[in-house]
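What the coordinates show
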Amino acid sequence: TVIPQNNDFYDPLTLKIIDYIKFNYTQDISLTDIAEKFNLTEGYVSKLLTKKANLHFKPYINSLKIRQAKTLLSEGSHNVSEVSNLHLLFYDQPG
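**Here's the deal with the pattern of salt bridges**
For the coordinates displayed, the defined rule picks out 2 salt bridges. One salt bridge connects Asp19 with Lys22, and the closest N-O pair in it is separated by 4.0 Å. Note that Asp19 and Lys22 are positioned in helix 1 (residues 12-24) at a spacing of 3 residues, about one turn of the helix. Asp19 gets classed as partly exposed once you look at its relative accessible area, which sits at 34%. On the basis of relative accessible area, Lys22 is assigned to the partly exposed category, the value being 32%.

Below you can see the structure in the form of structure tokens.
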């Protein structure tokens, strides 16, 4: 699931959270990290993503990682082994 290009649909806080995720998805981020960053509860962050953007945290991060891995592989700049070592792929994410 990737965010549509028309960001007018989302409120400013949801957009900030989505942007934060998009810029940090290669790091080991969790709902807790996002909640602390924006001074919110994990439940509220999860609800914002789900209700306002129709996104679920883990599947959204995974879709970003898959998209980036596909891009790197299709460009031919990295092989499968290299992409798997870039920490783009899956790990057990808390929250």
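**Quick notes on the packing of aromatic side chains**
Geometry of an aromatic ring pair is reported as the spacing of the ring centres plus the angle between the planes. Considering all chains together, one arrives at 1 aromatic pair under this definition. Ring centres of Tyr20 and Phe38 lie 5.9 Å apart, and the angle between their planes is 90°; this geometry places the pair in the edge-to-face category. In this pair, Tyr20 sits in helix 1 while Phe38 sits in the loop between helix 2 (31-37) and helix 3 (42-53), placing the two residues 18 residues apart along the sequence. Residues Tyr20 and Phe38 agree in their burial class; the two are buried.

What counts, and where the lines are drawn
Residues numbered from 1 in each chain as written. Predicted model: local features only at pLDDT ≥ 70, side-chain atom pairs only at ≥ 80, totals over all residues. Heavy atoms only, no water. Salt bridge = Lys/Arg side-chain N within 4 Å of Asp/Glu carboxyl O. Helix = DSSP H or I, 4+ residues; strand = E, 2+ residues; numbered from the N terminus. Buried < 20%, exposed > 50% of the residue type's maximum accessible area, 1.4 Å probe, protein only. Phe/Tyr/Trp six-rings, centres within 6.5 Å; stacked < 30°, edge-to-face > 60°.

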